[in-house]
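Here are the chains, one letter per residue:
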Amino acid sequence: MNIIATRVLFLGLHYTIVNILSQGEGFAKEDIHMNKENIKKVVLAYSGGLDTSVMIPWLKENYNNCEIIAVSGDVGQGDELDGLEEKAIKSGASKFYALDLQDDYVENYILPTLKAGAIYEDYLLGTSTARPCIAKGLVEIALQENVDAIVHGCTGKGNDQVRFELGIKHFAPDMTIIAPWREWELKSREDEIDYAEAHNVPLKINRETNYSKDKNLWHLSHEGLDLEATDTEPQYNKDGFLEMSVSPMQAPDEPTGIEIGFEKGIPVSLDGKKMPLKDIILELNEIGGKNGIGILDIVENRLVGMKSRGVYETPGGTILYKAHKLLESITLDKMTAHEKEKLSVTYAELVYNGQWFTPLREALDAFVDKTQESVTGSVKLKLYKGNIINAGVTSPYSLFDADLASFGESSYNQKDAEGFINLYGLPIQVKAVLDGKHRAIKDHITENIEDPLNLDYRAWHD
């Protein structure tokens, strides 16, 4: 357990003990949520986007003019963080924290998911992995500031409300959570814009560019507007729609070659240069984005039960997943590879459904780490107009034996296959012989039955 997690757990335990003692009955109390009049000070998960921008004045109006501490978790949003402190303070927040979570996000959330090969319905879990990381940071500030509640801007229709709240419950089980989207009278993003305009809240969007977006160093998601229908084509070639990538149609006419080095499943170098994983991801975002890599348009099954369409840009992540998979293809034995493939679905569902801080996810990490002991080597790729082409894979632990696999003369004794097939096919052969005997007995019986009424018993029997 790293130092940050240890500190958060200690503060959370302290908060819980104090809360229990102050309640007298401790766990016997029926409702751990405070009344609105008791909410004097809150931490707001603040992105500066439409939802959280509107929430500052709304919380002031509906929660007794409570003190609001805006907290932004930096997981690689880039220039989206520019000017957030000034905007938050002007909107009514008393304090602003910008938490640098990038290294924690990469090493403790992206990397385990990548090594596991976890993919949810083709989605590389960019938002799903970031939420538990941010939730941990929110709790640390909330406990440090001794607030009465944590507020998030997730809608009651989405997955993020679950991801944030399960993370908060893990580190601060008794913390009150406020989700304005589940309370307020605003019913749509258009209503939010109206509210913002009425309260002089500055916005970076307008009604025509009102996509719901989430960006970090791993990906960018787009939802809403024309993407709320399934019969429309995303506006890939429209200026400003794609931010991390270009449309494959606008990508260069010549392929770009790259080489990625791995040690025990961890990307450690790009084109022969050793660098931290975060830098590899950022570099591959640039290279992949220019070649139209990692653009995904899917209808996914949300945890809450509905289907939702989204467009995702994950250029660097898509390249790393492909390279990692290719390297595993020559370093993992068949049974391990197949079992890992099955468990990767379970891992992805855990992450997507907000169950990061669970014993099962930790147990799966232990399995994955064991499988990665031999996943060391180099992968060459060519990137061309949205395609990732295998250009060669090597590993000192490769299980690929060219002599055995060759169509030419080799040390493999093809005669051995005869005995193998006889044994492998023995259950099928035994069953076929037995079925044949049963058919013969049945035919013999039906052929010797007298049918004085001409009822054609055999036709009935068959």
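Anyway, here's the lowdown on the structure attached to this text. Every value quoted in this text rests on a predicted model; they were computed, and no experiment measured them.

**Topic: the pattern of salt bridges**
At step 1: Following the criterion strictly, the structure yields 23 salt bridges and no others.
At step 2: The shortest N-O distance in the salt bridge between Lys 95 and Glu 145 comes to 2.9 Å. Separated by 50 residues along the polypeptide, Lys 95 in strand β3 (residues 95-100) and Glu 145 in helix α5 (residues 126-145) bring together distant segments of the chain.
At step 3: We note a salt bridge from Glu 341 to Lys 325, for which the minimum N-O separation is 2.4 Å.

**What to know about the nonpolar core**
At step 1: Core analysis: the biggest nonpolar cluster contains 74 residues, and Tyr 105, Ile 258, Ile 260, Ile 319, Leu 320 and Leu 381 have the highest contact counts within it.
At step 2: Ranked by residues supplied to this core, first place goes to α5 with nine residues.
At step 3: Residues Ile 39, Tyr 63, Leu 186 and Ala 196 belong to the second largest nonpolar core, which totals 28 residues.

**Quick word on the side chain of Ser 247**
At step 1: For Ser 247, the position within the fold is in the loop between β7 (220-223) and β8 (256-263).
At step 2: Not counting residues within four places of it along the chain, the set of residues in contact with Ser 247 comprises Tyr 236, Asn 237, Leu 242 and Ile 295.

**Regarding the packing of helix α2 (residues 50-62) against helix α7 (residues 189-198)**
At step 1: Interaxial distance between α2 and α7 falls to 10 Å at its minimum, and their mutual angle equals 60 degrees. Taken as axis vectors, α2 and α7 run oblique relative to one another. Relative to α7, α2 is oriented so that their crossing is left-handed. Between α2 and α7, the contacting residues are Leu 50, Asp 51, Val 54, Pro 57, Trp 58 and Glu 61 on the first element and Arg 189, Glu 192, Ile 193, Tyr 195 and Ala 196 on the second.
At step 2: For the contact of α2 with α7, the residue count by class is seven nonpolar, no polar and four charged.

**A closer look at helix α3 (residues 84-91)**
At step 1: For α3, the complete set of buried residues consists of Leu 84, Lys 87, Ala 88 and Ser 91. Looking straight down α3, one finds that the buried residues subtend no more than 95 degrees of arc, so they occupy a single side.
At step 2: Of the surrounding secondary structure, the elements contacted by the buried residues of α3 are α2, β2 (67-74) and β3.
At step 3: Gly 92, located one to two residues past α3, shows a positive phi value of around 130 degrees.

**Points about the pairing of strand β6 (residues 212-215)**
At step 1: Taken together, the four bridges between β6 and β7 define a ladder with antiparallel strand orientation. In the sheet register, Lys 213 faces β7, and the bridge partner there is His 222.
At step 2: In this antiparallel pair of consecutive strands, β6 and β7, the connection spans four residues.

**Considerations on the sheet that holds strand β11 (residues 295-301)**
At step 1: Spatially, four strands are ordered β6-β7-β12-β11 in an open sheet, and the strand pairing comes out antiparallel. Each edge of the open sheet carries a strand with a single partner, namely β6 and β11. The sheet shows a mean angle of 25 degrees between the axes of neighbouring strands, direction not considered.

**Remarks on the sheet that holds strand β9 (residues 266-270)**
At step 1: Taken in spatial order, the five strands line up as β10-β9-β8-β13-β14 in an open sheet, and their pairing is antiparallel. What marks the edges here is a single partner per strand, and that holds for β10 (273-274) and β14 (387-394).
At step 2: Here seven bridges tie β8 to strand β13 (residues 377-384), and the two strands are oriented antiparallel to one another. If you follow Ile 258 over to β13, its bridge partner there is Leu 381.
At step 3: Set on the sheet, helix α8 (residues 277-290) makes contact with β8, β9 and β13; between it and β9 the angle comes to about 60 degrees.

Rules used throughout
Residues numbered from 1 in each chain as written. Predicted model: local features only at pLDDT ≥ 70, side-chain atom pairs only at ≥ 80, totals over all residues. Heavy atoms only, no water. Salt bridge = Lys/Arg side-chain N within 4 Å of Asp/Glu carboxyl O. Helix = DSSP H or I, 4+ residues; strand = E, 2+ residues; numbered from the N terminus. Core = buried A, V, L, I, M, F, W, Y, C linked by side-chain atoms within 4.5 Å. Buried < 20%, exposed > 50% of the residue type's maximum accessible area, 1.4 Å probe, protein only. Contact = heavy atoms within 4.5 Å. Axes fitted to C-alpha atoms, helices over the stretch in contact; angles between N-to-C directions. Parallel < 35°, antiparallel > 145°, perpendicular 65-115°, else oblique. Left-handed = near helix turned anticlockwise from the far one by under 90°. Nonpolar A, V, L, I, M, F, W, Y, C, P; charged D, E, K, R; others polar. Arc of directions from axis to C-beta. Pairing = 2+ DSSP bridges.

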